[in-house]
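Inside the fold
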Amino acid sequence: MIIAQLTRPFSSPITVTLKRLVALLEEDDTDEYGVLQPSQAAFKLAMGFIIEAYDVMGDRFPKASASTDEQGGIRLTWSKLEPECEVRLICPAHTDQQAYLYHELGNDYAVEREVTVSILLQWLEWLSQV
């Protein structure tokens with residue numbers, strides 16, 4: 001029982017997501033396509049969204065993949081195979097740009113231009129219920 005309690009946190013969805021996000025900081029600075037490491041602004045924004053969403057969702061928080069764009073912005077992607085759908089949170093590299101959220105189910109998709117934690121929570125709940 002103690003062993004199960006010790007190993008569970010290392011593979012929980014929040015732990016996996018945080019490890020993936022932190023791993024971006026360990027990338028080389030750049031490659032031939034652009035910036036690999038996230039900007040501090042993008043990292044802080046993404047981390048804030050993740051922590052606040054986890055505070056509300058707890059163990060229902062789904063794991064996300066994390067990647068950077070060519071400017072150092074961060075993209076967090078939550079996806080599901082059946083039905084094929086996903087939610088993407090894009091945190092820009094610069095503070096003068098706004099984060100946005102993309103969601104897709106089959107051929108239907110849309111963008112939420114004004115992202116708050118409550119909007120992210122709404123779409124993560126949607127993802128778990130589709």
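Residues numbered from 1 in each chain as written. Predicted model: local features only at pLDDT ≥ 70, side-chain atom pairs only at ≥ 80, totals over all residues. Heavy atoms only, no water.

In terms of helices and strands, the chain carries four helices and seven strands. For the chain, the N- to C-terminal ordering of α and β elements is α-α-β-β-α-β-β-β-β-β-α. Residue pairs in contact within the chain that sit at least 24 positions apart in sequence constitute 48% of those at least 6 positions apart. In the structure as shown, the chain presents an accessible area of about 8,100 Å², 53% of it carried by carbon and sulfur atoms. Once the 10 positive and 20 negative side-chain charges of the chain are each reduced to a mean point, those two points are 7 Å apart. (Helix = DSSP H or I, 4+ residues; strand = E, 2+ residues; numbered from the N terminus. Contact = heavy atoms within 4.5 Å. Areas by Shrake-Rupley, 256 points an atom, 1.4 Å probe, with all protein chains shown as cover. Lys, Arg positive; Asp, Glu negative; His and termini not counted. Charge placed at Lys NZ, Arg CZ, Asp CG, Glu CD.)

Moving on: unusual backbone geometry. Of note, the amide linkage connecting E82 to P83 takes the cis form, showing an omega dihedral of -10°. Counting through the fold element by element, P83 comes out in the loop between β4 (74–80) and β5 (85–91).

Right, let's talk about the environment of G106 for a bit. Within the secondary structure, G106 is located in the loop between β6 (100–105) and β7 (108–112). For G106, a relative accessible area of 42% puts it in the partly exposed group. (Buried < 20%, exposed > 50% of the residue type's maximum accessible area, 1.4 Å probe, protein only.)

A pair of packed helices can be characterised by two numbers: the angle between their axes and the separation between those axes. Where helix α2 (residues 13–24) contacts helix α3 (residues 40–57), the axes come no closer than 11 Å and their chain directions differ by 175°. On the basis of the axis angle, α2 is roughly antiparallel to α3. Contact residues: I14, T17, L18, L21 and V22 in α2; F43, A46, M47, I50, I51 and Y54 in α3. Each residue belonging to the contact of α2 with α3 can be placed in one class, and the counts come to 10 nonpolar, one polar and no charged. (Axes fitted to C-alpha atoms, helices over the stretch in contact; angles between N-to-C directions. Parallel < 35°, antiparallel > 145°, perpendicular 65-115°, else oblique. Nonpolar A, V, L, I, M, F, W, Y, C, P; charged D, E, K, R; others polar.)

Further remarks concern the sheet that holds strand β3 (residues 65–68). In sheet architecture, strand pairing relies on hydrogen bonds along the backbone and comes in two forms, parallel and antiparallel. Read from one edge to the other, the open sheet built from five strands follows the order β3-β4-β5-β6-β7, with strand pairing classed as antiparallel. Edge strands, defined here as strands with exactly one partner in the open sheet, are β3 and β7. Ignoring strand direction, the axes of neighbouring strands in this sheet form an average angle of 15°. Docked against the sheet, helix α4 (residues 117–129) engages β4, β5, β6 and β7, running at close to 160° with respect to β5. (Pairing = 2+ DSSP bridges.)

Turning to the pattern of salt bridges, a few remarks are in order. Opposite charge on two side chains permits them to pair, given that their charged atoms come into close proximity. Overall, the coordinates contain two salt bridges when judged by the stated rule. With a closest N to O distance of 2.4 Å, R60 and E125 form a salt bridge. Taken together, the positions of R60 in the loop between α3 and β3 and E125 in helix α4 put the pair 65 residues apart, joining distant regions of the chain. A relative accessible area of 48% means that R60 is categorised as partly exposed. The closest approach of N and O atoms between E86 and R88, which form a salt bridge, is 2.3 Å. (Salt bridge = Lys/Arg side-chain N within 4 Å of Asp/Glu carboxyl O.)

In this section: the nonpolar core. Grouped together as the largest cluster of nonpolar side chains are 30 residues, with contacts concentrated most on I74, L76, W78 and L89. Here this core gets eight residues from one element, more than from any other, and that element is α3. Setting aside anything within four residues of it in sequence, one finds L89 in contact with F49, I74, R75, L76, W78, Y100, L101, V115 and L120. (Core = buried A, V, L, I, M, F, W, Y, C linked by side-chain atoms within 4.5 Å.)

Interpretation in functional terms is not warranted from these geometric data alone.
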